[in-house]
Structures are given as structure tokens and as C-alpha cells.
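Structural overview for review
Residues per chain, in single letters:
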Amino acid sequence: MADRDKAKRADVVVIGGGIAGLVSALELADRGFSVIVIEAAETVGGALAQHTVGGLTLDAGAESFATRNTATRTLIEELGLADAIETPERTAWIQYPGEPASEHARELPVTGMLGIPADPESKSVTETIGTAGALLALKDHVAPTKKIAAQRPLSLAQLVEARMGKAVLDKLVRPIVAGVYSAEPEDLDADLALPGIRKRLVDAGSLAKAVASMRQAAPAGSAVGSLKGGMHTLVKAVDAALRERGVTILTDTAAHTLEREGEEWVVTIPSRGKGAADAHVVGNAVVLALPEAEARALLNGILEVPGEDAVTPEIHLVTLVVDKPELDTAPRGSGVIVAEGAPVQAKALTHASAKWEWLREEAGPGTHVIRLSYGKQGDGADYASWDAQTWRDTALADASVLLDTELTGQDVLDWDRVSWQGAQPSARLGHAARAAAIREAAHGVPGLALTGAWLAGTGLARVIPDARARAEALAESLGAPLGEDPGIGDTLGGP
Ligand SMILES: Cc1cc2nc3c(=O)[nH]c(=O)nc-3n(C[C@H](O)[C@H](O)[C@H](O)COP(=O)(O)OP(=O)(O)OC[C@H]3O[C@@H](n4cnc5c(N)ncnc54)[C@H](O)[C@@H]3O)c2cc1C
């Protein structure tokens, strides 16, 4: 136990310095608890990462937040960044299959949620799904709601097809779901994708009215927002707020094991000294804010975690910075969502310098930032075998098709590829029940809180309020802060 005496100590140890871990730490520090955050990577932030391409500092992961609830905005305001909030300058397009591609691209109709139209009879929706599809969608007005609302589990595809037919499912919902969740609507849990949808459906009497009511419940304005300078600037602000509150942040420090010894939680971390024994961090409570596989590994021996580790697709983002004045007109608005069968490998393209004003100004006229994403469940591509040239050439070819503008290697000022494994959990069918079972199991372990996207669902609008709620519940279970000295005074790095 001698080395345990030298362990760093805090009231609460937060394992995982993604946004979930950082927000939990902030909530606990605000309540007077001493906190140590342990982060495996060299910087905190997780999927809220940054990279520099063509001299521009850009988001390497998440680039916006959904405004359907106020969770992210509230955090941004609390951190004093309200003035930096920006909304997209333009709307997105969808690329459908067919040649020439330019004749099969359409501006995304105004929809309710995830492509489900709040007004299936509107001109833009009818033009997209066709008259026959629009007629089928009308059955939503009259079909009884209770049976489908009681079906368990209920996939998003089952819900949409039962209410509005296949055209709405395939032409609107499927491509949008692929872009947001990297999954098919058949595999997506309706309860996770549209929380509260069953009750709204029964109360409103139709799916169109149910999604309209969800939209109305959300704050007015654009469905997404971001921050001038990029979404990753949120991480910098949280990091600074944590430092101000005396939170210790250990980066480049992976938690290897987690054990419960009496009332204490002991985390093993690598030692810094050459040949030295493992070091430890000890807390009266622990927050696990990790991706699923890592959380399961650490919980081994502490908790029987129900269910299997979710298989999540690897996501690859290719960012091109190009000198192409023809793109100043933003031919495809803020970007393009790719429908099944369209003649490109990418699943979506963001014309970032057309979407965000701050980036347009920073890049300057003629210079454009284009981000393409690859990888969705079961797309069959062997991305591991692609070399740098293949990535760049595929991205250029796809961007040329999707933007209807010829782009060649000569236009490229710089480019980069970032891959994300397991950072975007599939909200797969039955996951809501599975997450509830995992939480129930964890509830019986005093001083343990589980948070992060694998349980809360993908996206900042889910992860941030969940992290707050879990930290709040943990704080209440702990009672008054114990006033432990964190043991080391300084933080060891940041974003
Ligand atoms: C490419 C991409 C684009 C996205 N775009 C958007 C978007 O535009 N809008 C949106 O709302 N959401 C978006 N998301 C989703 C959103 O970013 C995530 O849901 C959210 O950031 C997850 O936060 P988290 O803290 O739960 O997990 P993570 O960000 O994955 O953080 C987990 C942290 O744990 C650390 N860790 C792992 N193992 C250990 C260990 N053993 N010890 C210590 N630390 C460890 C990791 O290094 C990581 O920092 C996107 C995600 C990806 C991958």
C-alpha cells in the first residue's frame, strides 16, 4: 500500500476528458468537490477536436450542436461565449442516384425532424418524394396511432414507413439518418432518435404533427449552431473554467484499471518515471465518461454490464482546403447529404466555408474548406487498405461530383484525414432499453456514475445534459464535499 500513500487524491475522479467528462467535472467542481480528470490523449476534448489544414484551425470532429434543446447553448452562455454563437448561412442539399449527378441534386426540403416532414404536402417535399409518395404520406393523417406507438422495440424505419410510406423513408429519412448516425433507419431506435415520440404521436394523432410539435418545443431559429472559431473552442473554454476552479487535468494518462477498495475508488495510471511501478489516483467517487469499449473494460470485476459491446463504424473525415473561386457561389449551399446509390463513396460533404461565416472570412475569397465523411455501417469499403493518395483522389473526385465543380490536385492548398473509431455510437435498435439496464445495474454501486455518448446517445445535445445530470446525482449521493486536497497543484496539459 506504500505507493497508494503517494497517490493523487480527490473527492471525485473523472475518467475520460471528452466533453462528457469535462462537463461532469465542471458540475462537481461548481459544487465544491475536488476533482481530478484523467485523459488518455495528449489533449482533452475527445470528439471535439481540432486540426490545422492550410493554416486554418478547423474542427477535426464535431462541428456544430443541435439546438432542439438548450443544453449546449446554456453551457456556452455560462462560459461567456454567447457572442461567438453562429448559425449556418445556408441550407444543405441531397444528392440522389442518377446521371448526370447535377440533375439529381436537390435542396433539402424543410422537414420536421431527421427528414420526417412536418408538412408532407408542402411543395418542396412533394417535389422530392413524388406525387405517389406524397399520396402515401397522407395516410399519416388518418391511420390510428396506438398500435405503432406500442410496438417494442420500434425502429425509426418501422415508424416512418408505417405512418408515411416508403418514399418518405427512402428519399428523406434514410440519407439524413446515414449522415447523422452512420446507420440505416432500420437499425435506429426510434426512442433514441426521437425521444418522447410515442407519446407525441398518440397525443398529436399523426407523425407529421408529432414532429412539428417537437420542432416547436425546440428554440426558434436554425436547427444547429456552432461557435466562431470552431466547436472545439468550447473545449478550450471548459478547460480554462476547470483550471480556474482548481481541477487537476492529467492528459496523456490512460486509466488502466479501476478498483473499489472499501469506500475508495483506485485508478491505476502509467507512472512517469522510467521503470517505476504504476501510479494511482484515488477518489471517493468516480465518473466514467469513456467510449463503450473502454468503459466496459474498466468496469470488469466491478459491475456486470448487461449487453454486448456495440460495434460502431469507423468514420473518416477528409478535409480539403482548395483555391477555387468558382465555389464562392456555394453551389450546394452548406453541403450535400448523399442518398443510397448516388455515384460517390462519401456519405456527406460539408462546404464548411459556405456554411460558417467566420470560416468564410478567415479563409478569404476564393479559398474553400470542404469536409467529406466516409464510413457507415455495412458500406463494405476496405478503408484500411486505402493509402493517402487514394484518400485524396477519392475525396477530390467525390467533391467534384457533389459540388458540380471540377476539382483537381492543382486546386488543393492542403488536406488532411482524421479517423474516428467508436466515437459515434450507433443508436441501434433496443439501445434505449439496454442503456437503461446498464444504468440500473450501475445504480447499485455507490460512488459510481456512468456518462458519455455510449449511454446518452450521439451528439452534444444529448451528451452535455446527461453529463450534468449524472454529476448532479452523484454530488447529491455524496453529500457535502469532503475537502480533500487533490494532491498536485497544477494541470498537466490541455487542448
Ligand atoms: C467525426 C464526428 C463528428 C461529429 N459531429 C458532431 C456534430 O457536428 N454535432 C454533435 O452534436 N455531435 C457530433 N458528434 C458526436 C459528438 O462529438 C459526441 O457525441 C461527443 O463529443 C461524445 O463525447 P464523450 O465525452 O461522450 O466521448 P468522447 O469525445 O469520445 O470522449 C471520451 C474520452 O475518453 C478518453 N479515453 C478513452 N479511454 C481512456 C482511458 N482508458 N483513460 C482515460 N481516458 C480515456 C478518450 O481519449 C476521449 O477523450 C460527432 C462525432 C464524431 C466522431
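Just so it is clear, the structure is predicted and the values come from calculations on it, not from any experiment. (Residues numbered from 1 in each chain as written. Predicted model: local features only at pLDDT ≥ 70, side-chain atom pairs only at ≥ 80, totals over all residues. Heavy atoms only, no water.)

1. Focus on the overall build of the chain
The helix and strand tally for the chain stands at 19 helices and 19 strands. For the chain, whose C-alpha radius of gyration is 23 Å, the value lies close to the compact-globule estimate of 23 Å for 495 residues. On the principal axes, the C-alpha backbone points of the chain span a range of 75 × 60 × 45 Å. Going through the 495 residues of the chain one by one, you find that 54% of them count as buried. Long-range contacts, defined here as pairs at least 24 residues apart, represent 73% of the contacts in the chain between residues at least 6 apart. Taken as a whole, the chain presents about 20,400 Å² of accessible surface, with 51% of it coming from carbon and sulfur. (Helix = DSSP H or I, 4+ residues; strand = E, 2+ residues; numbered from the N terminus. Rg over C-alpha atoms; globule rule 2.2 N^0.38 Å. Buried < 20%, exposed > 50% of the residue type's maximum accessible area, 1.4 Å probe, protein only. Contact = heavy atoms within 4.5 Å. Areas by Shrake-Rupley, 256 points an atom, 1.4 Å probe, with all protein chains shown as cover.)

2. What about the site of the ligand?
Taken together, 30 residues form the shell around the ligand, and within it Glu 39, Ala 47, Ser 64, Ala 453 and Leu 460 come nearest. Within the backbone of Ala 453, an N or O atom sits 2.8 Å from an oxygen atom of the ligand. Here an oxygen atom of the ligand sits 2.8 Å away from a polar atom, N or O, in the main chain of Leu 460. At the level of elements, helix H2 (19-30) and helix H19 (460-478) are the ones that each hand at least two residues to the shell around the ligand. Class assignment of the residues belonging to the shell around the ligand gives a composition of 18 nonpolar, nine polar and three charged. (Near = heavy atom within 4 Å. Polar contact = N/O pair within 3.5 Å; in protein donor to acceptor, adjacent residues only side chain to side chain. Nonpolar A, V, L, I, M, F, W, Y, C, P; charged D, E, K, R; others polar.)

3. A look at the environment of Val 322
With respect to the helices and strands, the residue Val 322 is situated in strand S14 (residues 315-323). Sequence separation between Val 322 and Arg 439 is 117 residues; the distance between their C-alpha atoms is 47 Å. When residues no more than four places from it in sequence are discounted, the contact partners of Val 322 are Leu 327, Gly 366, Thr 367, His 368, Ile 370, Leu 407, Asp 411, Val 412 and Leu 413.

4. Considering the nonpolar core
One finds Ile 19, Leu 28 and Leu 234 to be the most contacted residues of the largest nonpolar core, which totals 43 residues. Listing elements by their share of this core, those giving two or more residues are strand S1 (8-15), H2, strand S2 (35-38), helix H3 (71-78), helix H12 (233-244), strand S13 (279-288) and H19. Of the residues forming this core, the biggest block, eight residues, is contributed by H2. Filtering out sequence-adjacent residues up to four positions away, Leu 28 remains in contact with Val 12, Phe 33, Val 35, Val 287, Ala 471, Leu 474 and Ala 475. Among the nonpolar cores identified, the runner-up in size contains 39 residues, and Ala 157, Leu 159, Val 168 and Leu 194 belong to it. (Core = buried A, V, L, I, M, F, W, Y, C linked by side-chain atoms within 4.5 Å.)

5. Quick look at the pattern of salt bridges
Taken as a whole and assessed by the stated rule, the structure comprises 26 salt bridges. With its nearest N and O atoms 2.3 Å apart, the salt bridge here joins Glu 78 to Arg 468. Here Glu 78 is found in helix H3, whereas its partner Arg 468 is found in helix H19, with 390 residues between them in sequence. Given a relative accessible area of 17%, Arg 468 falls into the buried group. Among the ionic pairs, Arg 163 bridges to Asp 140, the shortest N-O distance being 2.8 Å. On the criterion of sequence distance, the pair formed by Arg 163 in helix H7 (residues 156-164) and Asp 140 in helix H5 (residues 139-142) is long-range, its members being 23 residues apart. Judged by its relative accessible area of 1%, Arg 163 is buried. (Salt bridge = Lys/Arg side-chain N within 4 Å of Asp/Glu carboxyl O.)

6. Quick look at helix H10 (residues 197-204)
Looking at H10, one finds that the buried residues are Ile 197, Arg 198 and Leu 201. Projection of H10 onto a plane perpendicular to its axis shows the buried side chains occupying an angular sector of 105°, all on one side. Turned more than 90 degrees away from the buried face of H10 sit Lys 199 and Asp 203, all of them exposed. Downstream of H10 by one or two residues, Gly 205 has phi in the positive range, about 90°. (Arc of directions from axis to C-beta.)

7. Remarks on unusual backbone geometry
A cis amide bond links Glu 99 with the next residue in sequence, Pro 100, at an omega value of -10°. As for its position among the elements, Pro 100 is in the loop between strand S7 (93-95) and strand S8 (105-107). For the bond from Arg 152 to Pro 153, the omega torsion is -10°, close enough to zero to count as cis. Here Pro 153 lies in the loop between helix H6 (146-150) and H7. Unlike most non-glycine residues, Ala 330 shows phi in positive territory, near 50°. Tracing the backbone through its elements, the reader meets Ala 330 in the loop between S14 and strand S15 (335-338). The phi torsion at Asp 404 lies on the positive side, around 55°, for a residue other than glycine. You can see Asp 404 is positioned in the loop between helix H16 (388-403) and strand S18 (412-420). For Asp 404, a relative accessible area of 48% corresponds to the partly exposed category.

8. A few points about the confidence of the model for the chain
In low-pLDDT segments, the atomic positions of the prediction should not be examined closely. A residue-level look at the chain finds 93% of positions with pLDDT of 70 or above and a mean pLDDT of 90. Counting contacts from residues 484-495, a segment whose pLDDT is below 50, to residues more than four positions away or on other chains yields 36 contacts. (pLDDT = per-residue confidence, 0-100.)

9. Here we look at the sheet that holds strand S5 (residues 65-66)
Here we have three strands laid out as an open sheet, ordered S5-S9-S6, and antiparallel in their pairing. In this open sheet, the two strands that pair with only one neighbour each are S5 and strand S6 (85-86). One ladder, built from two bridges, connects S5 with strand S9 (residues 224-227); its direction is antiparallel. Bridge assignment links Ala 66 to a residue of S9, and that residue is Val 224. (Pairing = 2+ DSSP bridges.)

10. Focus on empty space enclosed by the protein
Counting across every chain of the model gives one cavity of 30 Å³ or more. The computed volume of the largest cavity comes to approximately 130 Å³. Around the largest cavity, the lining residues are Leu 58, Asp 59, Glu 63, Gly 230, Thr 319, Thr 350, Ala 352, Trp 356, Trp 358, Leu 359, Val 369 and Arg 371. Counting only elements with at least two residues in the lining of the largest cavity, the list comes to strand S4 (56-59), helix H15 (357-363) and strand S17 (367-374). Taken together, the residues of the lining of the largest cavity sort by class into six nonpolar, three polar and three charged. (1 Å grid on protein atoms, 1.4 Å probe; cavity = no way out; pocket = protein on both sides within 12 Å on 5 of 7 lines; lining within 4 Å. Points joined across faces, edges and corners; volume = space filled by probe spheres on them.)

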